[in-house]
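# Examination of the molecular architecture
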Amino acid sequence: MNRNVVPALFAALLIALSAPALAKPPAATTIDLSAEAGSKAENDLGRAQLYFEATDKSAPALAAKVNRAIADALETAKPYTTVMTSTAGSSTYPVHDREGNRIEAWRMRSTIELESRDMGALSALIGQLQQTLLIANLNMQPAPETRAKAANVAAVDAIRAFEERAEVLSNALGKRYRIRHLSVQHGGSTPVYPMMRASAMSFAKDESAPLQGGQSEITVTVSGTIELTD
């Protein structure tokens, strides 16, 4: 190799190493945005909590009384095969005298839960159980499959709304766009409105509890990032 070539190559290497790195292309302009849509879902699932509560000076006698009432309620519910019935726990606590120094008696409360899409059967059973039990709460809401169908409709509408908003923003800037990131979030539904929440509500013997389902609004939010392009 020519002796003059080596220094020239070495000098060229030093110049290359000392030169500033090539400038990176400017970062793409991005926009974060979101859109929301809702869909109606029938409240086709009824849920209720009923309880029996009593007070007695004897804790064993109290437990026997409450347990008997709950056992009778479960027996009453057996013919209603379309209503899912389950116990939901019991609680016992002391009742003190006015001074709070001495236990005068014991109070016990035991609860059962009902769930059904058969509104006629649920209504009739609640009417029967209220001869001995009281309602803690009773509400209507969409069944899981009903909620899922409404959520799918809302998701499609939310995505369309997202695309429309992205189109408007990109056009305003004289650009095209592409979606870099997209997130779909189910926001749940409007509060399930309570049909009853009166603990002392009662009906005449064999009278059914009035139930009316109504609808819930299922909402879905789509959020994401778009990148503007020429």
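Read on for a plain summary of the structure.

Cut-off values and rules
Residues numbered from 1 in each chain as written. Predicted model: local features only at pLDDT ≥ 70, side-chain atom pairs only at ≥ 80, totals over all residues. Heavy atoms only, no water. Helix = DSSP H or I, 4+ residues; strand = E, 2+ residues; numbered from the N terminus. Buried < 20%, exposed > 50% of the residue type's maximum accessible area, 1.4 Å probe, protein only. Areas by Shrake-Rupley, 256 points an atom, 1.4 Å probe, with all protein chains shown as cover. Contact = heavy atoms within 4.5 Å. Salt bridge = Lys/Arg side-chain N within 4 Å of Asp/Glu carboxyl O. Phe/Tyr/Trp six-rings, centres within 6.5 Å; stacked < 30°, edge-to-face > 60°. Lys NZ or Arg CZ within 6 Å of the ring centre and 35° of its normal. Pairing = 2+ DSSP bridges. Core = buried A, V, L, I, M, F, W, Y, C linked by side-chain atoms within 4.5 Å.

### Some thoughts on the overall build of the protein
Of regular secondary structure, the protein possesses 4 helices and 8 strands. When the helices and strands of the protein are listed from N to C terminus, the series reads α-β-β-α-β-β-α-β-α-β-β-β. Expressed as a percentage of the 230 residues in the protein, the buried residues total 31%. Working note: accessible area of the protein is about 14200 Å², and carbon and sulfur atoms make up 53% of it.

### Things to note about helix 3 (residues 119-129)
Given 3.6 residues per helical turn, the α-helix brings residues three or four places apart onto the same face. For helix 3, every residue scored as buried is listed here: Ala121, Leu122, Ser123, Leu125, Ile126, Gly127 and Leu129. Elements that come into contact with the buried residues of helix 3 comprise strand 2 (45-56), helix 2 (59-77), strand 3 (84-96), strand 4 (103-116) and strand 5 (134-141).

### Some details on the pattern of salt bridges
Tallying each qualifying case throughout the model produces 9 salt bridges. The salt bridge partner of Arg47 is Glu115, with a shortest N-O separation of 2.8 Å. Of the two residues, Arg47 is situated in strand 2 and Glu115 in strand 4; the sequence distance between them amounts to 68 residues. Under the relative-accessibility criterion, Arg47 is labelled partly exposed at 34%. The partly exposed category is assigned to Glu115, whose relative accessible area is 25%. Of the charged contacts in the structure, one is a salt bridge between Arg180 and Glu227, with a shortest N-O distance of 3.6 Å. Separated by 47 residues along the polypeptide, Arg180 in strand 6 (residues 176-189) and Glu227 in strand 8 (residues 215-229) bring together distant segments of the chain. Among the residues examined, Glu227 registers a relative accessible area of 12% and is labelled buried.

### As for the packing of aromatic side chains
According to the stated counting rule, one finds 0 aromatic pairs in the structure shown. When the ring centre of Tyr51 is taken as reference, the NZ or CZ atom of Arg109 above it lies at 3.5 Å.

### Details of the pairing of strand 5
Burial runs high along strand 5: 6 of the 8 residues are buried. Here 7 bridges tie strand 2 to strand 5, and the two strands are oriented antiparallel to one another. Across the sheet, the residue bridging to Leu50 is Ile135, located in strand 5.

### Some words on the nonpolar core
The biggest cluster of nonpolar side chains holds 23 residues, and the ones touching the most others in it are Leu50, Ile112, Leu114, Ile126, Leu129 and Leu133. Elements with a minimum of two residues in this core: strand 2, helix 2, strand 4, helix 3 and strand 5. By residue number, the principal contributor to this core is helix 2, which donates 6 residues. When neighbours within four sequence positions are excluded, Leu114 is seen to be in contact with Gly46, Arg47, Ala48, Leu50, Val83, Met84, Thr85, Leu122, Leu125, Ile126 and Leu129. Residues Leu33, Ala150, Ala154 and Ala158 belong to the second largest nonpolar core, which totals 17 residues.

From the geometry alone we can't say anything about function, so treat these as descriptive.
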